[in-house]
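# Report on the structure
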Amino acid sequence: AGRTDLFSAALAEFHAEHKRLGSPQVIVACSTCYQVLKTHLPDLPLRSLWTTLESVGLPEVMGPEPRPTLALHDPCTTRYEAAIQQSARRILSALGCVIEELPLARERTECCSYGGLMWFANRDLAREVVQRRIAQQPQDYVTYCAMCRDLFADQGKPALHLLDVFFENDLASRA
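From a predicted model like this one, the values you see are computed outputs, not experimental measurements. (Residues numbered from 1 in each chain as written. Predicted model: local features only at pLDDT ≥ 70, side-chain atom pairs only at ≥ 80, totals over all residues. Heavy atoms only, no water.)

## Things to note about the side chain of Arg-133
Here is the rule we go by: Working definition: helices are DSSP H or I runs of at least four residues, strands are E runs of at least two. Numbering for both runs from the N terminus. Any pair of residues with heavy atoms lying within 4.5 Å of one another is described as a contacting pair.
Considering the arrangement of structural elements, one finds Arg-133 in helix 6 (residues 123-134). Not counting residues up to four positions away in its chain, the partners in contact with Arg-133 are His-73, Leu-102, Leu-104, Thr-109, Glu-110, Tyr-141 and Phe-152.

## Thoughts on the pattern of salt bridges
So the rule is basically this: By convention in these notes, a salt bridge is any Lys or Arg side-chain nitrogen within 4 Å of a carboxyl oxygen on Asp or Glu. Think of it in three bands: residues with accessible area under 20% of the maximum for their type are buried, residues over 50% are exposed, and the middle band is partly exposed, with areas taken using a 1.4 Å probe on protein chains only.
Scanning all chains against the criterion turns up 11 salt bridges. With its nearest N and O atoms 2.6 Å apart, the salt bridge here joins Glu-17 to Arg-20. Linking Glu-17 with Arg-20, this pair stays in helix 1 (residues 4-20), spanning 3 residues, or about one helical turn. A relative accessible area of 36% places Glu-17 in the partly exposed class. Between Arg-89 and Asp-74 there is a salt bridge, with its nearest N and O atoms 2.7 Å apart. Highlighted residues: Arg-89 in helix 4 (residues 82-94) and Asp-74 in the loop between strand 3 (69-73) and helix 4, separated in sequence by 15 residues. Salt bridges sharing partners connect three or more residues here, namely Asp-74, Arg-89, Glu-101 and Arg-106.

## Topic: the pairing of strand 4 (residues 98-101)
Put simply, the rule is: Criterion used throughout: strands pair if DSSP finds at least two bridges between them. The definition of a right-handed crossover adopted here requires that, viewed with the strands pointing away, the path from the first strand over the helix to the second runs clockwise.
For strand 3 and strand 4, the ladder comprises 4 bridges, and the chain directions are parallel. Across the sheet, Leu-70 pairs through a bridge with Ile-99, a residue of strand 4. A crossover connection joins strand 3 to the parallel strand 4 through helix 4; in handedness this β-α-β unit is right-handed.

## Describing the sheet that holds strand 3
Using the following cut-off: Simply put, an axis is a line fit to the C-alpha atoms, just over the touching stretch for a helix, and the angle between two N-to-C directions goes from 0 to 180 degrees.
Within the open sheet, the 4 strands sit side by side as 4-3-5-6. Their pairing is parallel. The sheet is open, and its two borders are formed by strand 4 and strand 6 (159-161), each paired with just one other strand. Going across the sheet, the axis of each strand differs from the next one's by a mean of 40°, ignoring polarity. Taken strand by strand, helix 4 contacts strand 3, strand 4 and strand 5 (141-143), and its axis lies near 145° from that of strand 4.

## Side note on the packing of aromatic side chains
Geometrically, a pair of aromatic rings is defined through the distance of the ring centres and the angle of the planes. Worth spelling out the cut-off: Working definition: rings of Phe, Tyr and Trp (its six-membered ring) pair if their centres are within 6.5 Å, and the pair is stacked with planes under 30 degrees apart, edge-to-face with planes over 60 apart, and tilted otherwise.
Tallied over the entire structure, the rule returns 2 aromatic pairs. Taking 6.2 Å as the distance between ring centres and 75° as the angle between the ring planes, the aromatic pair formed by Tyr-114 and Phe-120 counts as edge-to-face. With a relative accessible area of 56%, Phe-120 lands in the exposed category.

## Regarding the pairing of strand 3
Of all 5 residues that make up strand 3, 4 are buried, and the element is covered over most of its length. Relative to strand 5, strand 3 is paired through 3 bridges, and the arrangement is parallel. Residue Leu-72 lies in a different strand from strand 5, and its bridge partner there is Val-142.

Written out as structure tokens, the structure is:
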């Protein structure tokens, strides 16, 4: 939120604690955290949860059949992270979901309205942005960003986080 002094202090504290722990690999599910750490701590051994899960193998999934068709929203903070985008798609496919691409996806994805803290700076514009985004596909949405998922759901769009698909939260009613 523009408080570079607080950001720098928190980043320095994180970096010191990481070193104290022996500099282990950091695995993040949050795409914003991924971008912040990649940008400000470029030597940090960093991985996305999605690429990690794909590489170690997915858990056995039991649940309702058929799986739903979901429209996939890429978070804006993964716009240039092709490996993360591909992992999310492969994971959803491996879990049995049919994926519909949004008109603007991957490197052309649109922000859900949370980026840049638009939701706090100009709520009317943020509502307009999120409404435009959720009107692009009739299917329920799935995303791998908690903020995107929450903003879509808050504006009435049925939306899941990729982890919801893992844990089968409310999938039966969507198929």
